[in-house]
Amino acid sequence: MFRRTFWFTAGAAAGVWATTKVNRKIRQLTPESLAAQAADKAVETGHRLKDFALDVREGMVRREAELGGALGLDAPVDPELPVSRHTAVEAPGPDRVTVHRTLPSHSNNRNEDH
């Protein structure tokens, strides 16, 4: 009799355990749960990318400082030397004439829409 009670209890416990495992897995595979897991992974990936970008920026600043020191760019400027400032693009001043180009009114392009 004790043997039957033992196996009945063991079977019931195994059934409860298996039912619990299956229900957990089913809840994990619902669309809402999968969407939440994907969102968590995306946020985690975003944090990793941000950390990587900050590390790269820190290394860039450190390397620029090393290069600036090696090239003497951090040295104080001698006030005796003339300073020449170059601008990449000169703004039109009062003595400069601004020329506006116009396209020809008649085009020989036969591919244009009519």
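Residues numbered from 1 in each chain as written. Predicted model: local features only at pLDDT ≥ 70, side-chain atom pairs only at ≥ 80, totals over all residues. Heavy atoms only, no water.

Engineer: Give a detailed account of the overall build of the protein, specifying residues and quantitative values.
Structural biologist: The helix and strand inventory of the protein stands at two helices and zero strands. Burial statistics for the protein: of 114 residues in total, 2% are counted as buried. Carbon and sulfur atoms make up 60% of the accessible area of the protein, which totals about 11,800 Å². (Helix = DSSP H or I, 4+ residues; strand = E, 2+ residues; numbered from the N terminus. Buried < 20%, exposed > 50% of the residue type's maximum accessible area, 1.4 Å probe, protein only. Areas by Shrake-Rupley, 256 points an atom, 1.4 Å probe, with all protein chains shown as cover.)

Engineer: Which residues make up the packing of aromatic side chains, and what values do they have?
Structural biologist: Per the counting criterion, the structure on display carries one aromatic pair. Ring centres of Phe6 and Trp7 lie 5.1 Å apart, and the angle between their planes is 70°; on these two criteria the pair is classed as edge-to-face. (Phe/Tyr/Trp six-rings, centres within 6.5 Å; stacked < 30°, edge-to-face > 60°.)

Engineer: Can you lay out the pattern of salt bridges for me, pointing to particular residues and giving the numbers?
Structural biologist: The final tally for this structure, using the stated rule, is three salt bridges. Between Glu44 and Arg48 there is a salt bridge whose closest N-O contact spans 2.8 Å. One end of the pair, Glu44, and the other, Arg48, are both in helix α2 (residues 31-71), four residues apart, so they sit about a helical turn from each other. Here Glu44 falls in the partly exposed class, since its relative accessible area comes to 34%. Among the ionic pairs, Arg62 bridges to Glu58, the shortest N-O distance being 2.9 Å. Residue Arg62 and its partner Glu58 are both found in helix α2; the two are separated by four residues, about one turn of the helix. (Salt bridge = Lys/Arg side-chain N within 4 Å of Asp/Glu carboxyl O.)

Engineer: Residue-level account of a positive patch on the surface, with values.
Structural biologist: Taken together, the side chains of Lys21, Arg24, Lys25 and Arg27 define a basic patch exposed on the protein surface. The topology assignment puts Lys25 in helix α1 (residues 2-28). (Patch = residues over 30% accessible without salt bridge, like charges linked within 9 Å, V, L, I, M, F, W, Y side chains within 5 Å. Lys, Arg positive; Asp, Glu negative; His and termini not counted. Charge placed at Lys NZ, Arg CZ, Asp CG, Glu CD.)

Engineer: Help me get a handle on a nonpolar patch on the surface, residues and values and all.
Structural biologist: A cluster of nonpolar residues, Leu67, Leu71 and Leu73, forms a patch on the protein surface that exposes about 340 Å² of accessible area. Note that Leu71 resides in helix α2.

Engineer: Let's hear about α2: which residues, and what values?
Structural biologist: Look at α2: 59 Å from first C-alpha to last across 41 residues, which is about the 60 Å you get at 1.5 Å a residue. Positive phi shows up at Gly72, right after α2, with a value of about 75°. (Expected span 1.5 Å × (residues − 1).)

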